[in-house]
Every structure is written in C-alpha cells, then in structure tokens.
Amino acid sequence: SKEELQSTNEELSTVNDELQRRLTDLARRDSDLTNVLRSVRDPILFIDERGQLRHFSDAAADLLSLGSSDVGRTVEFLRARLGGLKLEDVVARCVERVVPITEELLAFDSHWYSLTARPYTTRQGTIEGSLVTLVNIDVSKRSDEMVVNVSAYAEKMLPAILHPLVMLDEQKHVLWANAAF
C-alpha cells in the first residue's frame, strides 16, 4: 500500500510538472500575442462563431472605441461605427464559405477602410469564428475619387476651349482632340 501511494505520488508529481510547463508555455504565448496586438497598427478583431467579440487589438480599441466590457457582445453594436456594414453577416459568410471576405467601407471617422474577415481555425482545423482586420485605404480611395472628378471636369471644360487642342500619349498617339483641332 505504501509503494502504491508512493507510485501515485510520483505520477501526480510528473503530471503536475507537465501542467506547470504547459502553463508557463501558455503564459509566454499569451504575452507574445498581447505584445503583437499592442504593436500592430491595423485594427484586429477576434469574433467567435456566434458573432460575439472575443478579443481585439489596441488599434481596434482606439478606432472603434472598444473597452473590456465589449468582449462577449455581438458585433451588431459596431454597425454605426463601420458605416452601416453588417459585420455579423460578413463574419457569417466567411465562416460558412471558409474563405476570406473583403468589403470596403466608409467608417464613422470619415475614412475609408478595407475590412477583411478570415476564418479563425484551430490547430485541429475547426472553424471557431473569424479574424477581422481593417486597413485604412483612405488615401488611395480619395485619390481615385479625385481622378474621376478631374476627368469629369476635363470632359466638360476641354471641349469648350476655342483653340485647337490635342492630347497625346507617350507614343504620340492621339488620345483626345477638341472640335477646333
């Protein structure tokens, strides 16, 4: 009986040591993830399969005014901050199709963002929600709008010029000419 007790104690000690190593490893990985999320500039949201906010980066907290009390809430509350985008639908499509889904949106801060929802998979390969990133594309979106606006302006104004006018490309092919030309 004493030998059995000693053997059981040794097994418990071995299991305890293994659990201690795993806890240390988990704590290290948690610290790694926390430091990554603090340093990433683009907002990141972790959303579970029920559409509830599970975790978020500091950049997401800053952009979307998130706090620890928002963890566990369904992402519907973010609709107004994301320019009316139904994030819960994007996440559901992402999880259902198991493919990334990308949407452009004009957020409440009047900046354009590219929102991408990717399936959140475990090591076992199961889908447990979505990882959502927001990338600020405001500069490129505004420059695209400016090109369209300038082109529309040019289309209206250039024909009104009474002097002959022609536009050529690099190979000296005619791109446009007014009636006077």
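See the structure printed just above.
Worth saying up front: this structure is predicted, and the values here are computed from it rather than measured. (Residues numbered from 1 in each chain as written. Predicted model: local features only at pLDDT ≥ 70, side-chain atom pairs only at ≥ 80, totals over all residues. Heavy atoms only, no water.)

### Topic: the packing of aromatic side chains
Thought 1: Taken as a whole and assessed by the stated rule, the structure comprises one aromatic pair.
Thought 2: Between the aromatic rings of Phe-46 and Tyr-120, the centroid separation amounts to 6.2 Å while the plane-to-plane angle is 80°, which identifies the pairing as edge-to-face. Of this pair, Phe-46 sits in strand E1 (residues 44-48) while Tyr-120 sits in strand E4 (residues 112-121), and the two are 74 residues apart along the sequence.
Thought 3: Residue class for Phe-46 comes out buried when judged on its relative accessible area of 12%.
Thought 4: Owing to a relative accessible area of 27%, Tyr-120 belongs among the partly exposed residues under this scheme.
Thought 5: Of note, Arg-54 hangs over the ring of Tyr-120, and the distance from its end group to the ring centre comes to 4.5 Å.
Thought 6: The ring centre of Phe-77 lies 3.8 Å from the NZ or CZ of Arg-73, which sits over that ring. (Phe/Tyr/Trp six-rings, centres within 6.5 Å; stacked < 30°, edge-to-face > 60°. Helix = DSSP H or I, 4+ residues; strand = E, 2+ residues; numbered from the N terminus. Buried < 20%, exposed > 50% of the residue type's maximum accessible area, 1.4 Å probe, protein only. Lys NZ or Arg CZ within 6 Å of the ring centre and 35° of its normal.)

### Describing the sheet that holds E1
Thought 1: With antiparallel pairing, the five strands of this open sheet are ordered in space as E2-E1-E5-E4-E3. Edge positions in the open sheet fall to strand E2 (53-56) and strand E3 (101-106), since each of these has one partner strand only. Neighbour-to-neighbour, the strand axes of the sheet open up by a mean angle of 25°, direction not taken into account.
Thought 2: Two elements, E3 and E4, share six bridges in a ladder whose sense is antiparallel. Bridge assignment links Thr-102 to a residue of E4, and that residue is Thr-116. (Pairing = 2+ DSSP bridges. Axes fitted to C-alpha atoms, helices over the stretch in contact; angles between N-to-C directions.)

### What about unusual backbone geometry?
Thought 1: Residue Val-98 is not a glycine yet carries a positive backbone phi of 55°.
Thought 2: Judged by relative accessible area, Val-98 falls into the partly exposed class, the value being 45%.
Thought 3: One non-glycine residue with positive phi stands out, namely Ser-110, at about 65°.
Thought 4: By secondary structure assignment, the location of Ser-110 is in the loop between E3 and E4.

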